[in-house]
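Each chain, written out:
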Amino acid sequence: EAALKRGVKVSGATVHMVSTVVDGGPIILQEAVDISDLKTAEDIQARVLKLEHRLLPKAVGLFADNRIKVVDGRVEIL
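No experiment lies behind these values; they were computed from the predicted model shown.

Q: If you had to explain the pairing of strand β3 (residues 68–71) to someone new, which residues and values would you point to?
A: Consecutive side chains of a regular strand alternate in pointing toward one face of the sheet and then the other. With four bridges joining them, β3 and strand β4 (residues 74–77) adopt antiparallel strand pairing. The residue bridging Lys69 from the neighbouring strand is Glu76, located in β4. Hairpin connection from β3 to β4: two residues lie between these consecutive antiparallel strands, with Asp72 at a positive phi of about 50°.

Q: Go over the nonpolar core with me, naming the residues and quoting the values.
A: Ranked by internal contacts, the top residues of the largest apolar core, which has 15 residues, are Ile28 and Leu29. Secondary-structure elements contributing two or more residues to this core are β1 (10–16), β2 (27–34) and α2 (41–64). The biggest single contributor to this core is α2, with six residues. If we ignore the near neighbours within four places in the chain, the residues touching Leu29 are Ala13, Thr14, Val15, Leu55, Lys58, Ala59, Leu62 and Ile77.

Q: Tell me what's going on with the pattern of salt bridges, and back it up with residues and numbers.
A: With the rule as written, the count across this model stands at two salt bridges. Arg54 is the partner of Glu31 in a salt bridge, and the nearest nitrogen-oxygen pair spans 2.5 Å. With Glu31 in strand β2 and Arg54 in helix α2, this pair connects stretches of sequence that are 23 residues apart. Residue class for Arg54 comes out partly exposed when judged on its relative accessible area of 44%. For the salt bridge of Arg47 with Asp37, the shortest nitrogen-to-oxygen distance reads 2.8 Å. Here the residue Arg47 occupies a position in helix α2, and Asp37 occupies one in the loop between β2 and α2, the gap between them amounting to 10 residues. Note on Arg47: relative accessible area 26%, which makes it partly exposed.

Q: Quick rundown of the environment of Asp43? Include the residues and the values.
A: As for its position among the elements, Asp43 is in helix α2. Under the relative-accessibility criterion, Asp43 is labelled partly exposed at 38%. Linking Asp43 and Val15, residues 28 residues apart in sequence, is a C-alpha distance of 21 Å.

Q: Provide a residue-level description of the environment of Asp72, including the pertinent values.
A: Positionally, Asp72 belongs in the loop between β3 and β4. Residues Asp72 and Glu1, 71 residues apart in the sequence, show an inter-C-alpha distance of 36 Å.

Q: Mind laying out unusual backbone geometry, listing which residues take part and the relevant values?
A: Located in the positive-phi region is Asp23, a residue other than glycine, with phi close to 55°. Classification of Asp23 as exposed rests on a relative accessible area of 63%. The phi torsion at Asn66 lies on the positive side, around 55°, for a residue other than glycine. Within the secondary structure, Asn66 sits in the loop between α2 and β3. What makes Asn66 exposed here is its relative accessible area of 63%.

Cut-offs and rules
Residues numbered from 1 in each chain as written. Predicted model: local features only at pLDDT ≥ 70, side-chain atom pairs only at ≥ 80, totals over all residues. Heavy atoms only, no water. Pairing = 2+ DSSP bridges. Helix = DSSP H or I, 4+ residues; strand = E, 2+ residues; numbered from the N terminus. Core = buried A, V, L, I, M, F, W, Y, C linked by side-chain atoms within 4.5 Å. Buried < 20%, exposed > 50% of the residue type's maximum accessible area, 1.4 Å probe, protein only. Contact = heavy atoms within 4.5 Å. Salt bridge = Lys/Arg side-chain N within 4 Å of Asp/Glu carboxyl O.

Here it is as structure tokens:
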């Protein structure tokens, strides 16, 4: 709803490390998607959810394969 009211053209999904700050951990993966053609909050949510369904398993795989290293608060993918 907020994105629609503000006229946001791009939204996205971020997978990050968990920290004591909400959404404050180092970013593992992030991707944006065009939402300028969408008219409802439900449509925006569905499009962003597709990104989340792709990014989260990829991030878990990187973590499971020990390919994530945090250096100076930033994620490096090995």
